[in-house]
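One-letter residues, chain by chain:
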Amino acid sequence: MSDQCFDLSRHGITVSTVLRNASPAQLYEEAIRHEERAAISDTGALIAYSGEKTGRSPKDKRVVRTPSIEQDVWWGPVNFALEERSFMVNRERAIDYLNTRERLYCFDGFAGWDPATRIKVRVLCARPYHALFMYNMLIRPTSDELANFGDPDFLIVNAGGFPANRYTTGMTSKTSVDLHLDEREVIILGTDYAGEMKKAIFTYMNYAMPKQGILSMHCSATSNRETGESAVLFGLSGTGKTTLSADPERDLIGDDEHCWSDTGIFNIEGGCYAKAVYLTREAEPQIFDALRFGAVLENVVYDPARHHVDFGNTTVTENTRARTRSSSSSMPAPLRGGSPAACHLPHLRCLRRAAPGLQAHSRASRVSLHQRLYGQGGRHRDGRQRTLRDVLPVLRRTVSGLASGVYAKLLSEKLRRHHAHVWLVNTGWAGGSYGTGARISLKYTRAIIQSIYSGELADAPVVRDPIFGLDVVTACPGVPAEILVPRQSWSDAASYEATAQARRPVPKELHPVCRWRACRSPRRRAGRQRVGSVRSLDAE
């Protein structure tokens, strides 16, 4: 039973009707009564629409610049600085908007499955679908924990139904997602896309966890039920992290956001946030079967008569999403992986979907210690080197509060300490340039992943790629040999050679960590620290 008169005056909220930690059944009722276009699918999931914004707005993300965090944050084209006064203007604007609503929704939960480091999160919002989204995303407290929840460690004020004022200093549009690291608050204006709340929590965890020596990672993770062996899958959005982590033979730790501490790997979230476009039971049965009562389907198209969802219809957006609890019978409950030190064969896999012009990469390659730490790959169209630092989202600015060197240092320490095996798996195009080649079958990708888990690929024959310098696996059970070696999968040898040469690694290019360590004089070292903006963390 939710608390319908919860006092939020400490946050400036004066609305008398506040539903705190309402059950999914209550939130369904609220959504059908008060949400525009809300519906229930024929499988029981709640269908909701985010309005004009159907994806995140990274260019509208702002971080309040204060003296205490100025030297830590990686300021730049993603972490845009915001004056504290502008944050307070937006905060008051958000609170004033919420106070005009007849009823509000509050959800209190935890982020992080490790009790020693988890944080208390409070979400204030005006839409029941947002409350149900966070009910699925955060780790739900017990009755006793909720009764003694106290003040949150992190507050999200979601007033996405009200726009930011474009004339406020620092605003460039009517959308603004403002993070104040000192106050541990996020203010959302001008967007109802629920993913902004999820990413706000991960951004904060990505800032706070490394300061405790814990590596935060944008990845999926699984563990072996019998041995405790854990594996993590890094990859950009759409490369298959969620799909490939839905493995009935392994326990699912989580599909998106994790931390690696000295005691093991643990999920930050309490659910699964999967892309729903072209979703089928045949390809992804665990995700498909989890779309029942309590799940949220965002921005999908359905048949008004039967309420059957057409996952192939991208009329609203290609970024259709499904938010589910992982505790359904078809998807094991999120859990903590055993300590990597106890895992006899820990794996880190980097998934990448080859873009047009990058189809020359192999399907599965061993990555050496030097390559995994300092980068190996082709080049971007503009000639800038493409390294594993670009491919691994754990090091990307889009999810990093600190400079990437901080995460690189933590990752390198854990790779060395636990002797982790690293593989680069291409889940994208092969066999020719865009329009000629094709994406690898999911069946073959799963076969490659299973062979990594079983250890069969550890002793598989390899050949050194003369252009990319990777040890390319040439034999894998259940996978045709011509798929594994890119040269053999292209019918036009000359075209392959031209594409590969155009994307060859830039020679003698040092990773920033190497360049920083090469600075011997105090003056040069101090200068390098200023460039990296991490004086307090000896990394970049």
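Look above for the structure.
Residues numbered from 1 in each chain as written. Predicted model: local features only at pLDDT ≥ 70, side-chain atom pairs only at ≥ 80, totals over all residues. Heavy atoms only, no water.

Caption draft 1: Here's a closer look at helix H3 (residues 128-137). Across the 10 residues of H3, 10 count as buried, placing the element largely inside the fold. Among the residues making up H3, those that are buried are Pro 128, Tyr 129, His 130, Ala 131, Leu 132, Phe 133, Met 134, Tyr 135, Asn 136 and Met 137. (Buried < 20%, exposed > 50% of the residue type's maximum accessible area, 1.4 Å probe, protein only. Helix = DSSP H or I, 4+ residues; strand = E, 2+ residues; numbered from the N terminus.)

Caption draft 2: Geometry of the pairing of strand E12 (residues 230-235). Within E12, 6 of the 6 residues are buried, which leaves the element mostly enclosed by the surrounding structure. Along E12, one buried face is formed by Ser 230, Val 232 and Phe 234 and the opposite face, lined by Ala 231, Leu 233 and Gly 235, is buried too. The pairing of strand E11 (residues 215-223) with E12 spans 5 bridges and is antiparallel. Paired with Thr 222 across the strands is Ala 231, a residue of E12. (Pairing = 2+ DSSP bridges.)

Caption draft 3: Molecular detail of the sheet that holds strand E1 (residues 17-20). What the 8 strands build is an open sheet, ordered E1-E6-E7-E8-E10-E9-E4-E5; its pairing is mixed. Every interior strand has two partners, whereas the edge strands, E1 and strand E5 (80-82), have only one. Neighbouring strand axes in the sheet, compared pairwise and without regard to direction, differ in orientation by 20 degrees on average. Packed onto the sheet, helix H1 (residues 24-34) meets E1 and strand E6 (103-111) and runs at close to 140 degrees relative to E6. Across the sheet, helix H2 (residues 84-98) lies against strand E4 (61-64), E5, E6, strand E7 (119-125), strand E8 (154-159), strand E9 (176-180) and strand E10 (185-189), angled at about 65 degrees from E10, the strand it touches most. (Axes fitted to C-alpha atoms, helices over the stretch in contact; angles between N-to-C directions. Contact = heavy atoms within 4.5 Å.)

Caption draft 4: Just the nonpolar core, in detail. Formed by 68 residues in total, the largest nonpolar core has its most connected members in Val 121, Met 134, Leu 138, Phe 154, Ile 156 and Ile 201. Looking at which element gives the most residues to this core, the answer is helix H5 (residues 195-208), with 8 residues. Setting aside its immediate chain neighbours within four residues, Leu 138 contacts Phe 107, Gly 109, Phe 110, Ala 111, Val 121, Val 123, Ile 201, Gly 270 and Arg 325. Listed in part, the 22 residues of the second largest apolar core include Leu 82, Phe 87, Ile 95 and Ala 159. (Core = buried A, V, L, I, M, F, W, Y, C linked by side-chain atoms within 4.5 Å.)

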